[in-house]
There are 4 protein chains.
Amino acid sequence: MTAITLSAAAKVVEAATAKATEIGQPMNIAVVDDGGHLVAFARMDGAIKASIDISTKKARTSILMNAPTAALMPLVQPGAELYGLEQLSGGLVIFGGGMLLTEGDVVIGAIGVSAGSVEQDISVAEAGVAALGS
Amino acid sequence: MTAITLSAAAKVVEAATAKATEIGQPMNIAVVDDGGHLVAFARMDGAIKASIDISTKKARTSILMNAPTAALMPLVQPGAELYGLEQLSGGLVIFGGGMLLTEGDVVIGAIGVSAGSVEQDISVAEAGVAALGS
Amino acid sequence: MTAITLSAAAKVVEAATAKATEIGQPMNIAVVDDGGHLVAFARMDGAIKASIDISTKKARTSILMNAPTAALMPLVQPGAELYGLEQLSGGLVIFGGGMLLTEGDVVIGAIGVSAGSVEQDISVAEAGVAALGS
Amino acid sequence: MTAITLSAAAKVVEAATAKATEIGQPMNIAVVDDGGHLVAFARMDGAIKASIDISTKKARTSILMNAPTAALMPLVQPGAELYGLEQLSGGLVIFGGGMLLTEGDVVIGAIGVSAGSVEQDISVAEAGVAALGS
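Residues numbered from 1 in each chain as written. Chains lettered and ligands numbered in written order. Predicted model: local features only at pLDDT ≥ 70, side-chain atom pairs only at ≥ 80, totals over all residues. Heavy atoms only, no water.

Turning our eyes to something else, we now look at the relation of the copies chain A and chain D. Both copies of the chain are related by a screw-like operation: a rotation about an axis and a shift along it. Between chain A and chain D, the superposition needs a rotation of 91 degrees and an axial shift of 0.2 Å, giving an RMSD of 0.1 Å. Here the transformation between the copies is reduced to the relation of a four-fold axis. Take the interface residues of chain A: only 20% of them recur as interface residues in chain D, which is what a contact between different surfaces looks like. (Least-squares fit on C-alpha atoms with pLDDT ≥ 70 in both. Contact = heavy atoms within 4.5 Å.)

Pasting the structure below:
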C-alpha cells in the first residue's frame, strides 16, 4: 500500500481531534494521500476559517517536500538558502503543523493541522501521526 | 444557529458514505458552512481525485447560488440565459450533486458529492441531506 | 470629468436598490469607474452571494467592451464570431445586467446588477443609469 | 442574526466615510458578512485604486483569522512563528485596517479600510466599528 485509506485517515483525524479537545484549541485537520490529494478533513467548531487552506497546504507541503513543515522555517529566512520557497509549487507552508504519515518507511500520506499556536498545531499533528502506529 | 456544526456535518458525511457504499460507487463528499467554507470532507477509497475539487465546489456553488447545482444546468446552455455562468465567482459547478443543508427554512450549509454519474452523485447527496432531519 | 464620483455612484446604487425593492428581487449592485475599478457596491439582504462577483464583473465587462453586457450574448455562442470571449480579460460576463454610465457622450463608469432573472437585472441596471441623468 | 444586514453595513460605511473626511484622507471602505463575502463598499474620490482589493481583503482576513489584521504583523516577520502567512488562504492582509464587527459577542461581519497610513486606516475602521454600537 502506498496511499492512506479513508479508514486510516479517519483514525488520524479522530486522534488529532481528541488531542485538540484535550488542549482546548479547536483545529482544522487535513489528511492527504501520498500524492498530496485530500482524503479527510474536519474543522472543529470555533476553529478559524483561514486554517482550512493552511492545514490542507501544510499536509500537501509535507508530501511535496518529503519533510515536516517545521523543518522548512530556517531554510526560508531572508539570507537563507531557500528564501522565497513558500510562494512556489502553488503555495507551501513553512511553519510547523504538517507531518508525514508513514507505514514502516513508506510515506502513505501527511497530516496538516492549523488554528492554534505552532506548538499546539505540532502537538495535535503528532497525535494524528501516533494514531497510525497503534 | 446558522452555521452547521462539525458534529452535524460528520453525520451528513456518514450518511452519504453509507449510501455510496450501498450503490457501490466510491465518492468524494464535502460539507461546507453557510458561508461556503469547508467543514468536513471524505474521499472514499477508489474515488477519483478530480472530484476533490468538484465536490467541494458543488457544495460552495449551492451556497453561493442558494440552490441545488442541478438547477443550473439548463440555464447555462448555449443560447440560454446564464451561458458562461460556470466560470464566474471562482468557478461554479453546474451539474447535479450539490445541495443545500437547512434547519427549518434557514440554510446552515451545503453538501457536494462527486465521482459517480450525476444521478448517483445526487442520490448520495440526498442521503446526506436526509441525515440532518433525523 | 471622466470618472464617476462616489456621490454620483451612490445615487446610482440608491436608484437601483429602490427599483429592486419595487420588483421584490434583492440584488447585488456594483458601480465601477471608467477604468473598471469598483467605486460603490451594495448587496441587498437575501441576494445570492455568487452575484457579488457577477455584478462587479458585469460592470467591469461593460467598461472593457464599451457596451452593455447583453450585447455580447449572440456573439459568443458556439459557431459565432467571439465564441470563448467570456474567459478572456480576467473573466467577462456575457449576459445582461451590465450597462455603461455616461455624461453626455462620455463614459464615466458602468453599473452591474445581478441576482434576479436577466430581465430583472437589466431593469434594475436601467434604473441606475436613469438616476444619473436626473 | 449572525450576518450583518445591508442597512447596518451602510451605517458602518457612512461613519467610516465621515471619519475619513474629518482627517482629510480619502479611503476605500469595505464591509463583509460573517463568511467574508462583500456587503457594502465605497471608494471615496481620490482614494487609490490598489486599496479596493486591499480594503476588501482586510475585511475578509479579519473574518478568516477572527482577529484584527493589525494583530498579525508581528507574527509574520522573518524569524517569527507565522512567517509566510500572508500568501495563504487566497491572500491575507497583515497590516492594520481590518477589524471585526460584532453584536454582543457574535461576529456578524468585518470592516476593511485602506488608502491612508496604517494609523489612519485603523482610526477610520474604528469609527466604522463604533457606529454599530450606537
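Before going further, it helps to examine the layout of surface pockets. One number sums up the size of the largest pocket: a volume of about 1800 Å³. Taken together, 48 residues form the lining of the largest pocket, with B:Arg60, B:Ser89, B:Gly90, D:Arg60 and D:Gly90 sitting closest to its centre. In terms of residue class, the lining of the largest pocket is made up of 14 nonpolar, 20 polar and 14 charged. Surrounding the second largest pocket, 44 residues form its lining, B:Thr2, B:Asp34, D:Thr2, D:Ala3 and D:Asp34 being those nearest its centre. Elements with a contribution of two residues or more to the lining of the second largest pocket: strand E4 (106-114) of chain B together with helix H2 (50-65) and strand E4 (106-114) of chain D. A per-class count over the lining of the second largest pocket returns 22 nonpolar, 10 polar and 12 charged. (1 Å grid on protein atoms, 1.4 Å probe; cavity = no way out; pocket = protein on both sides within 12 Å on 5 of 7 lines; lining within 4 Å. Points joined across faces, edges and corners; volume = space filled by probe spheres on them. Nonpolar A, V, L, I, M, F, W, Y, C, P; charged D, E, K, R; others polar. Helix = DSSP H or I, 4+ residues; strand = E, 2+ residues; numbered from the N terminus.)

Further remarks concern the relation of the copies chain B and chain D. Once turned by 180 degrees and shifted 0.0 Å along the axis, chain B lies on chain D with an RMSD of 0.0 Å. Look at the turn and shift together and you get a two-fold axis relating the two. Among all residues of chain B, the minimum C-alpha distance to the rotation axis is found for B:Gly35, at 2.2 Å.

Size of an interface: often given as the accessible area lost when the parts come together. Each side of the interface is counted separately: chain A has 20 residues, and chain D has 16 residues. The junction of chain A with chain D conceals about 1400 Å² of combined surface from both sides, 63% of it contributed by carbon and sulfur atoms. Here chain A is connected to chain D by zero salt bridges. (Buried area = accessible area lost by both parts, 1.4 Å probe. Salt bridge = Lys/Arg side-chain N within 4 Å of Asp/Glu carboxyl O.)

The next thing to look at is the sheet that holds strand E1 (residues 28-33) of chain C. Strand order in this open sheet of eight strands is E3(C)-E4(C)-E1(C)-E2(C)-E2(D)-E1(D)-E4(D)-E3(D), and the pairing throughout is antiparallel. Single-partner strands in this sheet number two, and they are strand E3 (98-103) of chain C together with strand E3 (98-103) of chain D. Taking the axes of each pair of neighbouring strands and ignoring which way they run, one obtains an average angle of 20 degrees across the sheet. Bridge count between E3(C) and strand E4 (residues 106-114) of chain C: six bridges; the pairing is antiparallel. (Pairing = 2+ DSSP bridges. Axes fitted to C-alpha atoms, helices over the stretch in contact; angles between N-to-C directions.)

Turning our attention to the environment of B:Val39. Within the secondary structure layout, B:Val39 lies in strand E2 (residues 38-43). Taking the C-alpha atoms as reference points, B:Val39 and B:Val106, 67 residues apart in sequence, are found 18 Å from one another. If we skip the residues at most four places from it in the chain, B:Val39 touches A:Phe41, A:Ala42, A:Arg43, B:Ile4, B:Thr5, B:Leu6, B:Ala9, B:Val31, B:Val32 and B:Asp33.

On the side of chain D, five residues touch chain B, which itself brings five residues to the contact. Surface buried jointly by chain B and chain D totals about 340 Å² across both partners, of which 48% is contributed by carbon and sulfur atoms. Looking at the side of chain B facing chain D, the largest losses of area belong to B:Thr2, B:Gly35 and B:His37, adding up to 78% of the total buried there. There are zero salt bridges connecting chain B and chain D. Scanning the region where chain B abuts chain D turns up two residue pairs in polar contact (both at pLDDT 80 or more). (Polar contact = N/O pair within 3.5 Å; in protein donor to acceptor, adjacent residues only side chain to side chain.)

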